[in-house]
Amino acid sequence: MSDEIETKGTPEWYAVHTYSGYEEAVARYLKQRVESLSMEDKIFEVVVPIEKKVRIKDGRRTTIEEKIYPGYVLVKMLLTEDSWYVVRNTPRVTGFVGADSTKPNPLSKEEVESLLNRMGRDISKFTVDLRVGDLVKVMDGPFKDYDGKVSEVDEERGRIKVLVPIFGRDTAIELDSLQVRKV
């Protein structure tokens, strides 16, 4: 094996495949192994790629964390025989991502930057891609499955007013922008 892995001078990011659902456990195990085996000079960072998303639950906005790539953990390391062995033999790791798992290929700088930017994205700003006059279908809440027309958009709060025909008259209802879908 010693001829298969060459030591590289600069640390690079590698994708490690894990059993799905065990990404956090693998990250924890790997960090413990790095510490106990004194590999801090070869394995620098272990990241489970997650992003925050906003969902509507019971009519309220809730922020959840969702894995970007379920079943994968990113590791920034100097690739040596020792570091490869430590990562590869961490419980619940199935191998490095690449054509040959004994000679892993690093991720490109662009891929890593894009992923890290996606993880750090600020979701406190609301993006409402609806305009006054758009036809929408209500997807959640007491007016679910009603069709209506957008009459007002409040981008600051992520809310909209929709005119829904009830008993033959247009009635304005205020909804979260995530509760409707453009028709």
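Residues numbered from 1 in each chain as written. Predicted model: local features only at pLDDT ≥ 70, side-chain atom pairs only at ≥ 80, totals over all residues. Heavy atoms only, no water.

(A) Inspection of the sheet that holds strand β7 (residues 135–138) at higher detail. Here five strands make up an open sheet; going across it, the order is β10-β9-β8-β7-β11 and the pairing antiparallel. At either margin of the open sheet sits one strand with a lone partner, and together these are β10 (169–176) and β11 (180–182). Put simply, the sheet's adjacent strands are angled 45 degrees from each other on average, direction ignored. Sheet topology note: the strand β9 (residues 159–166)/β10 ladder contains eight bridges and is antiparallel. Within β10, the residue paired with L163 across the bridge is A172. (Pairing = 2+ DSSP bridges. Helix = DSSP H or I, 4+ residues; strand = E, 2+ residues; numbered from the N terminus. Axes fitted to C-alpha atoms, helices over the stretch in contact; angles between N-to-C directions.)

(B) Just helix α2 (residues 81–88), in detail. Taken together, the buried positions of α2 are occupied by S83, W84, V86 and V87. The arc that holds every buried residue of α2, seen down its axis, measures 165 degrees, which confines them to one face. (Buried < 20%, exposed > 50% of the residue type's maximum accessible area, 1.4 Å probe, protein only. Arc of directions from axis to C-beta.)

(C) Geometry of the sheet that holds strand β6 (residues 93–96). Taking strand neighbours across the sheet as the criterion, the four strands line up as β2-β5-β1-β6 in an open arrangement whose pairing is antiparallel. Looking at strand neighbours, the two that pair on one side only are β2 (43–47) and β6, the edges of this open sheet. The mean angle between the axes of side-by-side strands here comes to 30 degrees, regardless of whether they run parallel or antiparallel. The pairing of strand β1 (residues 12–18) with strand β5 (residues 72–77) spans six bridges and is antiparallel. Along β5, the bridge assignment pairs H17 with Y72. Where α2 meets the sheet, its contacts fall on β1, β2, β5 and β6, and the angle it forms with β6 comes to roughly 145 degrees. (Contact = heavy atoms within 4.5 Å.)

(D) Local environment of the pattern of salt bridges. Inspection of the entire model under this criterion finds nine salt bridges. Through salt bridges with shared partners, a single network forms among E23, E24 and K67. (Salt bridge = Lys/Arg side-chain N within 4 Å of Asp/Glu carboxyl O.)

(E) Local environment of the side chain of T90. By secondary structure assignment, the location of T90 is in the loop between α2 and β6. The exposure class of T90 is buried, given its relative accessible area of 3%. Side-chain polar atoms of T90 contact the side chain of R33, separated by 3.4 Å. (Polar contact = N/O pair within 3.5 Å; in protein donor to acceptor, adjacent residues only side chain to side chain.)

(F) Up close: the nonpolar core. With 19 residues, the main nonpolar core has I43, V75, M77, V87 and F96 as its most contacted residues. Elements with a minimum of two residues in this core: β1, α1 (23–36), β2, β5, α2 and β6. Element by element, the count of residues in this core is highest for α1, at four residues. V150, V164, I173 and L175 belong to the second largest nonpolar core, which has twelve residues in total. (Core = buried A, V, L, I, M, F, W, Y, C linked by side-chain atoms within 4.5 Å.)

(G) Local environment of α1. Helix length check: α1, at 14 residues, gives a terminal C-alpha distance of 20 Å against a target of 20 Å (1.5 Å per residue), a fit within 8%. Here the buried face of α1 lies against β1, β2, β4 (60–67), β5, α2 and β6. (Expected span 1.5 Å × (residues − 1).)

(H) Geometry of the side chain of D134. Counting through the fold element by element, D134 comes out in the loop between α3 (109–119) and β7. A polar contact is formed between the side chain of D134 and the backbone nitrogen of R131, at a distance of 2.8 Å.

(I) Region of the structure containing unusual backbone geometry. The phi dihedral of R92 falls on the positive side, at around 70 degrees, and the residue is not glycine. Assignment of secondary structure puts R92 in the loop between α2 and β6. In the Ramachandran plot, D145 falls in the positive-phi region, its phi being about 75 degrees despite a non-glycine side chain. Position of D145 among the secondary structure elements: in the loop between β7 and β8 (147–154).

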